[in-house]
Amino acid sequence: DTAVSQTPKYLVTQMGNDKSIKCEQNLGHDTMYWYKQDSKKFLKIMFSYNNKELIINETVPNRFSPKSPDKAHLNLHINSLELGDSAVYFCASSQSRDWGELFFGEGSRLTVL
Amino acid sequence: DQQVKQNSPSLSVQEGRISILNCDYTNSMFDYFLWYKKYPAEGPTFLISISSIKDKNEDGRFTVFLNKSAKHLSLHIVPSQPGDSAVYFCAASKGSSNTGKLIFGQGTTLQVKP
């Protein structure tokens, strides 16, 4: 019974396409996040939602749009994909916005050709 | 500008010996530090944390030490086991307004040889 699950795990697509990655957590947590692991292996935060409200929005291109239909789900939609978007995207959740321990999903590896 | 750095990309130790993983940070506003462990094709999992009001936190075989004056923390694993072989990420955050916004280092790959 996976606590934080992401789909798809692997995604290969052409430049210019639009794609979405879905994330669900069954931990009852209030806060969810998207992190990106780039080619240099750094994990960097992109967005955070607390009870469906956007609370962290790092300097991310407008082509990236998160959507949280409820506090158990946080999806990431990417428009007009570029080569530089190739990375592993991790969804995570935490009990609250004041709780530093994050629970991560397995990651979604996006490859843009 | 990387605020959290793990300068050793890899470390190899013998089973039963001590593993010491190091992490340096530049932002003196960081007040909460965490270590995460990551196996291939899995997400990072929380290992241990320390608040800036402490200089040591221990959990079983894992101990984290914090030296605020040097802006340095380390993770000690004693004794090391083959199952500890993984990538270890150091992370930091500053203040409750940014909690959850973790700044990660680039990771150190630990290999424990039987």
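Up top is the structure.
In this text the structure is predicted, and so the values were computed from the model without any measurement.

Enquirer: Could you clarify how one ought to interpret the packing of aromatic side chains in this entry?
Expert: Each aromatic ring pair is described using two quantities: the centre-to-centre distance and the angle formed by the ring planes. Under the definition given, this model contains 13 aromatic pairs over all chains. Note on Tyr33(A) and Tyr35(A): the rings are 6.4 Å apart at their centroids and 50° apart in plane angle, and the pair reads as tilted. Classification of Tyr33(A) by relative accessible area gives buried; the value is 0%. Overall, the relative accessible area of 0% leaves Tyr35(A) in the buried class. Summarising the aromatic geometry, the rings of Tyr25(B) and Phe33(B) are spaced 4.7 Å apart at their centres and angled 40° between planes, so their arrangement reads as tilted. Relative accessible area serves as the criterion here: at 1%, Phe33(B) is assigned to the buried category.

Enquirer: What is the right way to read the interface of chain B and chain A from this model?
Expert: One frequently used descriptor of interface size is the decrease in accessible area upon assembly of the parts. Taken residue by residue, the interface counts 20 residues in chain B and 21 residues in chain A. The interface formed by chain B and chain A contains 1 salt bridge. Lys101(B) is the salt-bridge partner of Glu58(A), the closest N and O atoms lying 3.1 Å from each other. For the pair chain B and chain A, the interface holds 4 residue pairs in polar contact (both at pLDDT 80 or more). With 4 residues, the single largest contributor to the side of chain B that touches chain A is strand S4 (residues 32-38) of chain B. Split by residue class, the side of chain B that touches chain A holds 10 nonpolar, 7 polar and 3 charged.

Enquirer: I would appreciate a short explanation of the side chain of Ser19(B) in the present structure.
Expert: Residue and element names in this part refer to chain B. Its place among the elements puts Ser 19 in strand S3 (residues 19-25). The class for Ser 19 is buried, based on a relative accessible area of 0%. A distance of 2.6 Å separates polar atoms of two side chains, one belonging to Ser 19 and the other to Ser 80. Once you skip the residues sitting within four places of it in the chain, Ser 19 turns out to touch Leu 11, Val 13, Leu 75, His 76, Ile 77, Ser 80 and Leu 110.

Enquirer: Hey, could you run me through the state of the cysteines in this one?
Expert: Throughout this description, disulfide means a covalent bond between two cysteine sulfur atoms. Under the defined criterion, the tally for this structure stands at 2 disulfides over all chains. The disulfide that involves Cys23(A) links it to Cys91(A), with 1.8 Å between the sulfurs. As the torsion about the S-S bond is roughly -80°, the Cys23(A)-Cys91(A) disulfide counts as left-handed. Of this pair, Cys23(A) sits in strand S3 (residues 19-25) while Cys91(A) is found in strand S9 (residues 87-94), placing the two residues 68 residues apart along the sequence. Taken individually, Cys23(A) and Cys91(A) each receive the classification buried, so the pair is uniform in this respect. Each sulfur of the disulfide joining Cys23(B) and Cys90(B) lies 2.0 Å from the other. Between Cys23(B) and Cys90(B) the sulfur-sulfur dihedral comes to about -70°; the bridge is accordingly left-handed.

Thresholds applied
Residues numbered from 1 in each chain as written. Chains lettered and ligands numbered in written order. Predicted model: local features only at pLDDT ≥ 70, side-chain atom pairs only at ≥ 80, totals over all residues. Heavy atoms only, no water. Phe/Tyr/Trp six-rings, centres within 6.5 Å; stacked < 30°, edge-to-face > 60°. Buried < 20%, exposed > 50% of the residue type's maximum accessible area, 1.4 Å probe, protein only. Contact = heavy atoms within 4.5 Å. Salt bridge = Lys/Arg side-chain N within 4 Å of Asp/Glu carboxyl O. Polar contact = N/O pair within 3.5 Å; in protein donor to acceptor, adjacent residues only side chain to side chain. Helix = DSSP H or I, 4+ residues; strand = E, 2+ residues; numbered from the N terminus. Nonpolar A, V, L, I, M, F, W, Y, C, P; charged D, E, K, R; others polar. Disulfide = S-S within 2.5 Å.

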